[in-house]
Every structure is written in C-alpha cells, then in structure tokens.
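Chains, contacts and geometry: an overview
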Amino acid sequence: MNPALILASGSQIRADMLRNAGVPHRIEPAKVDETAIRDSLSLDEAGPRDVADTLAEYKARSVARKAPDDFTLGCDQVLGLGKNIISKPETPDEARDQLRLLRGERHHLYSAAVIYHGGEPIWRHVGVARLVMRKFSDAYLDDYVERNWDSIRTSVGGYKMEEEGVRLFSRVEGDHFTILGLPLLELLAFLTLRGIIPE
C-alpha cells in the first residue's frame, strides 16, 4: 500500500489538479493565521517568494502534526509586483484597485509547495510565472469585476487565468500549473521518486 498524501489546502483547483493527474489524496485544510504570518514576514522585509514558501511550510506543518507518518502537502500562492505583495481582494472595489495597479505592468506569481513527513519538511519547490497585463479600459474593468466577482474574490490579484481573466493579459511566461497555484510537474516527479505514486 502506497503512503498516504494529505493536501493541507481547501483549494478546489489544487484538489482537481491532483485528482486529474491520478494522485490519490485526502483533503485536510490547514488552519493557520495567514495574516499574522504575512505581517511578521513583512516586518522582516521578506520578499514574495519567501512569503509563499513560508506560508506553504506553515500549512504543511499544521496538518502534519496529526499524521506524521503520512506525506502532507502545504501550498500557497503569492502575487508579487516588484517587492509588493498583492493578496485576495476583500471587496469588488479592492479588486478594481488591484487590477488598475497591475494594468500595463509585469508581475510574478510564486506558487510554493512543501511536503512534510516524519515531522520534518522533506521537499519544497517554488514555481514562478511572469505575467504582463494589457492596458484594458476602465469600462471593461468595471464590467469584468461585476461579472466575475463571486469567482475572483478567491484569487490573488482579482483574476483567474483559467476563466475570463485570461483576457486581461498580453503576455504570459511560465508553467500553466504554477499559474493555477501548484508546481505540479515538479511535485509529480518527487511523488514518483518516493514511491507515493507508481512510475
């Protein structure tokens, strides 16, 4: 019997990616105070990549304590605009403000994954994608947020590339799975190496 994999995330997209790739897993969303962790890292002037990696590790550790013999996968995605971090919008107005800030600019998505086993982190990877937004009109922006608010409220930066959000972009450089929030190819390579999924 293969070792169990626990996804320490409530993200439906991440669960779908694992399921579609044929990776057996169970879901146990981590309960961590992301705001407190981000605030602490901000005081230390941590960059977006380090914030994503640290949050993924906290999530994995939180769930792994209850099942140290299993493999626990923690994930996080951070949007970096220069050294600034943009989070999930809390209101439609905040989504509009975020998208105005990103309009015509290049930003980065950092998708971190950390696996815990035996009480220790045994694997980690941070995938990076570079995206450039086109200079869309204010009218389109308003219509976009109004049409898509229920969906984009759960996405950093206020857009989802797998939906209408793709129309906001002029250029995308990076792995599709990383953009969706999980460095899946690197994860599959590790899971295969450790015998969690068959070769």
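Within an unreviewed UniProt entry, the label attached to the chain reads Nucleoside triphosphate pyrophosphatase, and the organism entered is Salipiger pallidus. Check the Subcellular location (unreviewed entry) section of the UniProt entry for the chain; it says "Cytoplasm". Annotation of the chain in UniProt includes, under Cofactor (unreviewed entry), the sentence "a divalent metal cation".

It is worth spelling out unusual backbone geometry at this point. You will see that Glu-45, though not glycine, has its phi angle at about 60°, which is positive. Locating Glu-45 in the fold gives a position in the loop between α2 (34-43) and α3 (48-64).

Here we take up the pairing of strand β5 (residues 106-117). Extensive coverage of β5 is indicated by the burial of 9 of its 12 residues. As defined by bridge partners, strand β3 (residues 71-81) adjoins β5 across 9 bridges and the pair is classed as antiparallel. Note on β5: the bridge partner recorded for Cys-75 is Ala-113. Summarising the sheet, β5 and strand β6 (residues 120-133) pair through 12 bridges and their orientation is antiparallel. Residue Ala-113 lies in a different strand from β6, and its bridge partner there is His-125. Taking the residues between adjacent antiparallel strands as the criterion, β5 and β6 are bridged by 2 residues, where Gly-118 takes a positive phi near 65°.

Okay, the environment of Leu-109 next. Structurally, Leu-109 can be placed in strand β5. Measuring from C-alpha to C-alpha, the distance between Leu-109 and Gly-127 comes to 8.0 Å, with 18 residues separating the pair along the chain. Ignoring anything within four residues of it in the chain, the contact list for Leu-109 reads Gln-77, Val-78, Leu-79, Gly-127, Val-128, Ala-129, Leu-131, Val-156, Tyr-159, Thr-178 and Ile-179.

Once that is clear, we can look at the environment of Ala-67. Locating Ala-67 in the fold gives a position in the loop between α3 and β3. Under the relative-accessibility criterion, Ala-67 is labelled buried at 12%. Sequence spacing of Ala-67 and His-117 is 50 residues, and the spatial spacing of their C-alpha atoms is 8.6 Å. When neighbours within four sequence positions are excluded, Ala-67 is seen to be in contact with Ile-6, Arg-26 and Thr-72.

So, about the UniProt feature "active site" (unreviewed entry) in the chain. If you check UniProt for "active site" (unreviewed entry), the listed places come out as Asp-76 in our numbering. Inspection of the secondary structure assignment puts Asp-76 in strand β3. Those residues in contact with Asp-76 that sit more than four places away from it in its chain are Arg-14, Glu-34, Arg-38, Ala-52, Leu-55, Ala-56, Lys-59, Tyr-110, Ser-111 and Ala-112. Side chain to side chain, Asp-76 and Lys-59 meet in a polar contact 2.7 Å long.

This next bit is on α3. Over its 17 residues, α3 runs 24 Å from end to end, which matches the ideal 24 Å to within 8%, given 1.5 Å per residue. In terms of residue burial, α3 counts as a mostly covered element, since 12 of its 17 residues are buried. When we look at burial in α3, the residues that qualify are Pro-48, Val-51, Ala-52, Asp-53, Leu-55, Ala-56, Glu-57, Lys-59, Ala-60, Ser-62, Val-63 and Ala-64. Next to the buried residues of α3 lie β1 (5-7), α2, β3, β4 (84-86), β5 and β6.

What counts and how
Residues numbered from 1 in each chain as written. Predicted model: local features only at pLDDT ≥ 70, side-chain atom pairs only at ≥ 80, totals over all residues. Heavy atoms only, no water. UniProt positions renumbered as here; feature names shortened; annotations may be inferred. Helix = DSSP H or I, 4+ residues; strand = E, 2+ residues; numbered from the N terminus. Buried < 20%, exposed > 50% of the residue type's maximum accessible area, 1.4 Å probe, protein only. Pairing = 2+ DSSP bridges. Contact = heavy atoms within 4.5 Å. Polar contact = N/O pair within 3.5 Å; in protein donor to acceptor, adjacent residues only side chain to side chain. Expected span 1.5 Å × (residues − 1).

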